[in-house]
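Residue-level structure breakdown
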Amino acid sequence: PTVEADLDGLFDGVQVVGHDGATPTHVAPGEMYKIWADNATQLTLSGTPAADVSVAILPGVANWFGCPTVEAVALDDLGITPASGDKIISQDGGFAIYQGGTWSGTLTSLQPGKGYVYFSVATQSKTLTF
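I will try to describe carefully the structure that is included in this document.

1. Some details on the overall build of the chain
When you go through the chain residue by residue, the secondary structure sums to zero helices and 13 strands. Start at the N end of the chain and walk to the C end: the helices and strands fall as β-β-β-β-β-β-β-β-β-β-β-β-β.

Dropping the structure here:
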């Protein structure tokens, strides 16, 4: 999401799960969530776009995150130094892998409001800042 919102009592018949498998009490900018609904459901979050969102990328785990910007962000503009073998997979099935000093694959930029999983093979954490 690009906004922060309380989930308490917001949806009936909808289950929201965070990257840790727990049901969150609110959504936060830069985080990604899985949403299950009993029936076809349209969910709308509104508010002011978030600024200065940081997302920690930990080594050796699946790091879920959402693109909290209002414009697309090129992978080369993420402000980090990826390790050779780092991968990003989009919720739409696009992917990018960092090899030979460049990103390659079908994913070239992060899209606002979309979710991603970053797999880092580095030994140290990184921080994406939007």
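Now, onward.
2. A few points about the nonpolar core
By size, the foremost hydrophobic cluster in this structure holds 19 residues, and its most contacted members are F65, L75, L78, I88, L110, L128 and F130. Sequence-distant contacts of I88, defined by excluding residues within four places in its chain, comprise L75, L78, G94, F95, A96, W103, L107, L110, Y116, V117 and Y118. Judged by nonpolar contacts, the second largest core, of five residues, contains V16, V27, A28 and Y33.

3. Digging into the pattern of salt bridges
Counted according to the given criterion, the structure contains two salt bridges. In this structure, K126 engages D86 in a salt bridge whose closest nitrogen and oxygen atoms are separated by 3.1 Å. With a gap of 40 residues between them, K126 in strand β13 (residues 126–129) and D86 in the loop between β7 (73–74) and β8 (87–90) connect regions that are remote in the sequence. Here K126 and D86 have matching classes, each one buried. Among the ionic pairs, D92 bridges to K114, the shortest N-O distance being 3.8 Å. With D92 in the loop between β8 and β9 (95–99) and K114 in the loop between β11 (109–110) and β12 (115–119), this residue pair connects regions lying 22 residues apart in the sequence.

4. Digging into the sheet that holds strand β6 (residues 62–66)
Spatially, the five strands line up as an open sheet ordered β6-β12-β8-β9-β10, and their pairing is antiparallel. Among the strands making up the open sheet, the edge pair consists of β6 and β10 (102–105). Taking the axes of each pair of neighbouring strands and ignoring which way they run, one obtains an average angle of 25° across the sheet. Where β8 and β12 come together, four bridges link them in antiparallel fashion. Each bridged residue has a counterpart across the sheet, and for S90 the counterpart in β12 is Y116.

5. Quick word on the side chain of K126
Judged by relative accessible area, which is 9%, K126 ranks as buried. When neighbours within four sequence positions are excluded, K126 is seen to be in contact with V55, A56, I57, I80, T81, P82, A83, D86, Y118 and S120.

6. What to know about the side chain of N63
Of note, N63 is situated in strand β6. N63 gets classed as buried once you look at its relative accessible area, which sits at 7%. From its side chain, N63 meets the backbone nitrogen of L58 in a polar contact 2.8 Å long.

7. Quick look at the packing of aromatic side chains
Counted by the stated rule, this structure contains three aromatic pairs. Geometrically, the ring pair formed by W103 and Y118 is edge-to-face, given 6.2 Å between the ring centres and 85° between the ring planes. In this pair, W103 is assigned in strand β10 and Y118 in strand β12, connecting sequence segments 15 residues apart.

8. So, the environment of G93
Along the chain, G93 turns up in the loop between β8 and β9. A sequence separation of 23 residues divides G93 from Y116, and the C-alpha atoms of the two residues are 9.5 Å apart.

9. What about the pairing of strand β5 (residues 54–57)?
Of the two faces of β5, only the one carrying V55 and I57 is buried; S54 and A56 on the other face are not. Pairing between β5 and β13: four bridges, direction antiparallel. Considered in β13, the bridge of S54 is made with T129.

Rules behind the numbers
Residues numbered from 1 in each chain as written. Predicted model: local features only at pLDDT ≥ 70, side-chain atom pairs only at ≥ 80, totals over all residues. Heavy atoms only, no water. Helix = DSSP H or I, 4+ residues; strand = E, 2+ residues; numbered from the N terminus. Core = buried A, V, L, I, M, F, W, Y, C linked by side-chain atoms within 4.5 Å. Buried < 20%, exposed > 50% of the residue type's maximum accessible area, 1.4 Å probe, protein only. Contact = heavy atoms within 4.5 Å. Salt bridge = Lys/Arg side-chain N within 4 Å of Asp/Glu carboxyl O. Pairing = 2+ DSSP bridges. Axes fitted to C-alpha atoms, helices over the stretch in contact; angles between N-to-C directions. Polar contact = N/O pair within 3.5 Å; in protein donor to acceptor, adjacent residues only side chain to side chain. Phe/Tyr/Trp six-rings, centres within 6.5 Å; stacked < 30°, edge-to-face > 60°.

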